[in-house]
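Architecture at a glance
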Amino acid sequence: MSKFIIKPGNSLKGSVELQGAKNSALKLMAACILVRGKSDLYDVPQITDVEIMSDLLESMGISMTTNAPGHLGIDTPAHITPYAPYELVEKMRASVVVLGPLLATQGRARVSLPGGDDFGHRPIDIHIRALSELGADFQTSHGYIEASCKRLVGKRIVLDFPSHTATDNVLMAAVLAKGETVIENAAREPEIQDLADFLIKMGAKIDGAGTSRIVVQGVDTLRPASHSVIRDRVEAATFIAAAGLAGGEIEICGVRREYMDMLLEKVSQMGLVVESIENGIRVVSNGRLRSVDVATLPYPGVATDYKPLIVTMLSVADGAAIVSENLFAGRFRYVDELRRMGADIRTQGHHALIRGVDKLSGAQVRASDIRAGAALVVAGLAADSATTVLGGDHIDRGYEKFAQKLSFIGADIERVEE
Ligand code: EPU
């Protein structure tokens, strides 16, 4: 286990370069199941979740190589084992995105059912219903989904909710289906557009990715391709929050402003100055933040992944604010840890009322998931004394060199292996 020790006091200054997006890289890796031969991915973040996805693909018989940091060569043989075991799916829910590509190429898949997690109940009914509509049969037994199909057949599918990974799964299944698939109410995240761009390089025919209506003309085969992962907008939000909490002026390189409009609008209302620079943004923090109400929504709304960071900023902002969570009912677990640091937060159902305090109080706290962990680390920047964040392994799942990057822009932070 690792922990992060943060000592407050330094304002931030300097420039950070964003890593590749976790929530794109994992799907691009799964997409390599769709071809025979070697694909190359660049700017893949060096994080634990990528290692878990590598382990999963290797367990199927796919070879993984690397010739430089951030590069992954993914070589898919003709025969793979279409099996995702409990041990790996339990570690990472995103493993479920192998379901669509396995059905499309192997006609069968045995994938462990992901359980609930710290966000609460997280079903995969939308994935299953949509893949069934394309012609897959599903049975569940002994904790596993057993799926099988002949060649999938394109259809108009209306998703109940614009689920991110369900859209990934259906898209990767539809590219090799017979005929046209239309995905209505598709998720619109930039990472879905990135996945579609990679699939198009492989020879897929896709229109409308990044909008709520994706149209796919199925093809018979795809070929290996090379692709660079887009940058991680949640990592960008983390550095924005760090600047808001520690004060100072930083440049974040690799940010696409148009992918973060709603968040940038909110943090501007909170008092941060966000300016465009050649390859990203400059964030300037001029004193105390102001409270604003925030509600999470599917993209392009304010992402649920930003919420722990926003709640942390509001904990030391002037005034009071209500934050409403509209995606994951259980995503307030870190609030107890922020309270232990002196934050004044009351939660009721999916709402939190946050009354800003002058300063947080340095304490020993524990990360419960990736984003909660990152939020507790940046909370330490606004405390009156040192903060220790236990459970650093959660943070390593999604952030590459987190402590190094923060210390590079002036934070006093250390990562300690226990
Ligand atoms: N939902 C269902 N049934 C389904 C699928 C989803 O009811 O079959 C519900 C969920 O319970 C939730 C809502 O739909 O209430 C949205 O969930 P979604 O499926 O969009 O989430 P996800 O695809 O499982 C991805 C990201 C998460 C991010 C969410 C929301 C990946 C690997 N994960 O999860 O990222 O929070 O979208 O934007 O892409 C993270 O990076 O730390 C992370 C958790």
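Rules of the game
Residues numbered from 1 in each chain as written. Predicted model: local features only at pLDDT ≥ 70, side-chain atom pairs only at ≥ 80, totals over all residues. Heavy atoms only, no water. Phe/Tyr/Trp six-rings, centres within 6.5 Å; stacked < 30°, edge-to-face > 60°. Helix = DSSP H or I, 4+ residues; strand = E, 2+ residues; numbered from the N terminus. Buried < 20%, exposed > 50% of the residue type's maximum accessible area, 1.4 Å probe, protein only. Pairing = 2+ DSSP bridges. Near = heavy atom within 4 Å. Polar contact = N/O pair within 3.5 Å; in protein donor to acceptor, adjacent residues only side chain to side chain. Areas by Shrake-Rupley, 256 points an atom, 1.4 Å probe, with all protein chains shown as cover. Nonpolar A, V, L, I, M, F, W, Y, C, P; charged D, E, K, R; others polar. Domains from an automatic or database assignment. Contact = heavy atoms within 4.5 Å. Buried area = accessible area lost by both parts, 1.4 Å probe. Salt bridge = Lys/Arg side-chain N within 4 Å of Asp/Glu carboxyl O.

This part is about the packing of aromatic side chains. Following the criterion strictly, the structure yields three aromatic pairs and no others. Seen from their ring centres, Phe4 and Phe402 are 6.2 Å apart, and the 70 degrees between their planes marks the pair as edge-to-face. A residue pair is termed long-range when its members are at least 10 positions apart, and Phe4 in strand β1 (residues 2-7) and Phe402 in helix α14 (residues 402-408) qualify at 398 residues. On the basis of relative accessible area, Phe4 is assigned to the buried category, the value being 1%. With a centroid separation of 4.7 Å and an interplanar angle of 40 degrees, the aromatic rings of Tyr399 and Phe402 are classed as tilted.

This part takes up the pairing of strand β15 (residues 248-253). Relative to β15, strand β2 (residues 12-17) runs parallel, the two being bridged by six bridges. Directly across from Leu12, in β15, lies its bridge partner Gly248. In terms of strand pairing, β15 meets strand β17 (residues 280-285) through six bridges, oriented antiparallel. Residue pairing in the sheet places Glu249 in a bridge with Val284 of β17.

Taken together, 23 residues form the shell around the ligand, and within it Ile126, Ser163, Thr165, Asp305 and Leu327 come nearest. Here an oxygen atom of the ligand sits 2.8 Å away from a polar atom, N or O, in the side chain of Lys27. Measuring from an oxygen atom of the ligand, one finds a side-chain N or O atom of Arg371 at 2.9 Å. Look at the ligand: alone it shows 830 Å² of surface, and the protein chains cover 87% of it. For the shell around the ligand, the secondary structure elements donating two or more residues are α1 (22-31), α5 (125-133), α6 (164-174) and α12 (370-379). Taken together, the residues of the shell around the ligand break down into nine nonpolar, six polar and eight charged. Viewed by domain, the shell around the ligand spans two of them, domain 1 (2-19 + 231-417) and domain 2 (22-228), each represented by three or more residues.

Turning our attention to unusual backbone geometry. The residue after Tyr299, namely Pro300, is reached through a cis peptide bond having omega 15 degrees. Structurally, the position occupied by Pro300 is in the loop between β18 (294-295) and α10 (307-315). Residue His142 is not a glycine yet carries a positive backbone phi of 50 degrees. Turning to its location among the elements, His142 is positioned in the loop between β8 (137-141) and β9 (144-148). Of the residues examined, His142 reaches a relative accessible area of 76% and is grouped as exposed. Not every positive phi belongs to a glycine, and Lys401 is a case in point at roughly 50 degrees. Looking at the element boundaries, Lys401 is found in the loop between α13 (392-396) and α14.

Turning our eyes to something else, we now look at the pairing of strand β20 (residues 344-348). Summarising the sheet, β20 and strand β21 (residues 351-355) pair through five bridges and their orientation is antiparallel. Note that in β21 the partner of Arg346 across the bridge is Leu353. From the end of β20 to the start of β21, which pair antiparallel, there are two residues, and Gly349 there has a positive phi angle of about 55 degrees.

Bringing the domain arrangement of the chain into the picture now. The extent of an interface is frequently quoted as the accessible surface area lost upon association of the parts. Looking at the assigned domains, one finds that the chain contains domain 1 (2-19 + 231-417) and domain 2 (22-228). Each of domain 1 and domain 2 has a C-alpha centre, and these two points are 30 Å apart. Contact with domain 1, which involves 24 residues of that partner, is made by 22 residues of domain 2. Across the interface of domain 1 and domain 2, roughly 1,900 Å² is buried in total on both sides, 51% from carbon and sulfur atoms. Our count for the contact surface shared by domain 1 and domain 2 stands at three salt bridges. If you look at where domain 1 meets domain 2, you find five residue pairs in polar contact (both at pLDDT 80 or more).

The full count for this structure, using the stated rule, is 26 salt bridges. In this structure, Arg156 and Glu184 form a salt bridge, with 3.1 Å as the shortest nitrogen-oxygen distance. Of this pair, Arg156 sits in strand β10 (residues 156-158) while Glu184 sits in strand β11 (residues 180-184), and the two are 28 residues apart along the sequence. You can call Glu184 buried: its relative accessible area is 15%. When the shortest N-O distance is used, the salt bridge between Glu235 and Lys405 registers 2.7 Å. Separated by 170 residues along the polypeptide, Glu235 in helix α8 (residues 233-246) and Lys405 in helix α14 bring together distant segments of the chain. Both residues of the pair, Glu235 and Lys405, count as buried.

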